[in-house]
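# Chain and residue survey
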Amino acid sequence: MSILAGDIGGTKTRLAIVEVAGTQVHILREVSYPSRDYAEFGMLLDDFLHANLREFHVTSAAFGIAGPVQGRVVQTTNLPWRIDADALQRQYGFTCTLLNDLEATAYGLPALGTEDLLTLQAGAESACGNAAVIAAGTGLGEAGLYWDGENYQPFATEGGHASFSPANTQEIALLRHLQQQHQHVSWERVVSGMGLLSLHEFLRQYRNSAVPDWLSAEIRDGDAAAAIANAALAGRDEICVATLEWFARLYGAEAGNLALKVMSRGGLYLGGGIAPKILPLLQNGTFMEAFLGKGRMRPLLEAMPVRVILNDRAALYGPALRAAKLAEEEASELNVAALPGAQAVFIHDDPEMLSAAVARRIAGLAAEAIDARGVFHLALAGGETPRRCYEKLRYIAIDWSRVRLYFGDERCLPEGDALRNDSMARAALLNHVTLPQVNIHCIPAELGAIAAAARYTLELESAGRLDLVLLGMGEDGHTASLFPGNPANTGIDAAVPVFNAPKPPAERVSLGMGTLNAAHRKLFMVAGAGKREALEQILRGVALPAAQISNAEWHLDRAALPIMNELRGKRKCRSE
């Protein structure tokens, strides 16, 4: 299962296709984007998916975002982006989860090894309990991890936006200085990239010290915060040195505040992009003395482990682990992975999401087959859910000139009849794409079942093995036009005549069971409460025709889920 993970920040956004095994995250593809180059997140996401759709089938996504997540929507704090998880699900067809960026980092901690952490304070040997994460970067993020006795449960906060509290005369003067610029002065205004600039500007005025020409040039031509920090670490400018030391003290003071509020006996972690770059200031005692400087609470803080996160992918690992965990919980709750012969089972909230996901899946498999063999042999299914899928597929880039199109079954009705599957496919898809007519192989069902099946068998034999067969399932468990108990199910030809179908018309043509099972890929689309009973029977081991398709990929909507799983399938209330 491929997961799309994202770390969305005010400066840069990283997207990655990953696979998760336990607590290990394996990155298959990763791209970093300058966030401010895109007017909205959807444009950036489109770029990434367009470049990677051919290689990877994404089933779920999770994004850590610098901003408060409210329900399923977030308005980014330092970007003009509004990100709506439900809208992303409808558009792209994958399950989507939104996390606050620090909550995402907290979820990523299990993926880190000892080499990814630097210890500033070991804490008590028996340290155990809640934990906390604080991260200064473009902004200041804070999150907690509640210890429930067995596992950590991360939760988001917006503590970085709590009011800055000065501790001495100089900091009171800083507060007054910043109040002239901002209606509210938060900790983020002093402990962040922008905070470093504010501290430097204030100290220049406070000490009546001009900015050296060389530093002015570096600030003007590059990353201003990095220029100040580098000058301080190199000892090139006294004010820069004082600025960075002050920044470290303020960082430590607010980290101590967070540790007390969360009661983080299990440890406090420093994330974000700044901490690894100023390790000398964190290790020389400046940070820790401010962290511990809480009067009577000092012994409590001394017992807490304090570690710096050195691996900047923690905020990317977290969404991946969370998405994988939710998928695991869902599979466990719904218990549909036990479908006989299923290669994989995917649950979608509604038919629209199901059809969008399958449309993208078809496009990905088409690209894969064309790259490997130069052609994509696809058999279409009839029905309402496939129709929705075809309507979405017309907008997805596919090299239709290399597609050879077949049909899984057809009703014996006159050519052009609106009830035929090929008529539905033309209206929903084929009339809207540049697919050569010679590449469309309709079943000549107007000839009658026996003659049409014989002629279509010859066409299929010349085509060879199909790359993908799309399948639906009826309320009685039939697929294509293979109905329970019908003699056609045991037919050995590539296409078989069907008589006495339980729904009109009684005469049909269907791909044979052997042809369906021989396809490289088989994909079921099943939606609606009317399919529940058939799925229940399949789960109980009843050999309905749909259950006889081996190694199939099943896409189900929630309405179709068996009643026996319904209560377990109800999601718990989740903040994300």
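### Topic: the sheet that holds strand E17 (residues 403–407)
In sheet architecture, strand pairing relies on hydrogen bonds along the backbone and comes in two forms, parallel and antiparallel. On the basis of which strands lie adjacent, the open sheet formed by 6 strands has the order E15-E23-E22-E19-E16-E17 and parallel pairing. Both edges of this open sheet fall to strand E15 (342–348) and E17, since each of them pairs with a single strand only. Taken over all neighbouring pairs, the strand axes of this sheet differ in orientation by 20° on average, direction set aside. Strands in contact with helix H13 (residues 351–373) are E15, strand E16 (376–380), strand E19 (468–471), strand E22 (521–526) and strand E23 (552–557); relative to E22, the strand with the most contacts, it is inclined by about 170°.

### Structural notes on the pairing of strand E10 (residues 131–136)
Within E10, 6 of the 6 residues are buried, leaving the element largely enclosed by the surrounding structure. The pairing of E10 with strand E11 (residues 140–147) spans 6 bridges and is antiparallel. Within the sheet, the bridge partner assigned to Ile-134 lies in E11 and is Glu-142. Between the antiparallel neighbours E10 and E11 lie 3 residues. The pairing of E10 with strand E13 (residues 267–271) spans 5 bridges and is parallel. Its bridge partner being in E13, Ala-135 is matched across the sheet by Gly-271.

### Considerations on helix H18 (residues 532–539)
Counting along an α-helix, one turn takes 3.6 residues, and residues three or four places apart therefore face a common direction. Those residues of H18 that fall on the buried side of the exposure criterion are Arg-532, Ala-534, Leu-535, Glu-536 and Ile-538. Positive phi shows up at Gly-541, right after H18, with a value of about 95°.

### So, the pairing of E16
For E16, a buried count of 5 out of 5 residues is recorded, marking the element as mostly surrounded by other parts of the structure. Relative to E17, E16 is paired through 5 bridges, and the arrangement is parallel. Among the inter-strand pairings, Phe-376 is bridged to a residue of E17, identified as Val-403. Handedness of the crossover joining E16 and E17 through helix H14 (residues 384–393): right-handed. With 2 bridges joining them, E16 and E19 adopt parallel strand pairing.

### Notes on the confidence of the model for the protein chain
The predicted structure's coordinates, where accompanied by low pLDDT, should not be read in detail. Here the protein chain averages 91 in pLDDT, while 95% of its residues score no lower than 70. pLDDT under 50 marks residues 564–576. Its contacts with residues more than four places away, or in other chains, come to 34 contacts.

### A few points about the side chain of Thr-457
Topologically, Thr-457 is positioned in helix H16 (residues 449–463). Thr-457 has contacts with Asp-493, Ala-494 and Ala-495, leaving out every residue within four places of it along the chain.

### A closer look at the sheet that holds strand E5 (residues 69–70)
On the basis of which strands lie adjacent, the open sheet formed by 3 strands has the order E5-E6-E7 and antiparallel pairing. Looking at strand neighbours, the two that pair on one side only are E5 and strand E7 (82–84), the edges of this open sheet. Bridge analysis of strand E6 (residues 73–75) against E7 gives 3 bridges, and the strand direction is antiparallel. For Gln-75, the partnering residue across the bridge sits in E7 and is Arg-82.

Cut-offs used in this document
- Residues numbered from 1 in each chain as written.
- Predicted model: local features only at pLDDT ≥ 70, side-chain atom pairs only at ≥ 80, totals over all residues.
- Heavy atoms only, no water.
- Pairing = 2+ DSSP bridges.
- Helix = DSSP H or I, 4+ residues; strand = E, 2+ residues; numbered from the N terminus.
- Axes fitted to C-alpha atoms, helices over the stretch in contact; angles between N-to-C directions.
- Contact = heavy atoms within 4.5 Å.
- Buried < 20%, exposed > 50% of the residue type's maximum accessible area, 1.4 Å probe, protein only.
- Right-handed = clockwise from strand over helix to strand, strands pointing away.
- pLDDT = per-residue confidence, 0-100.

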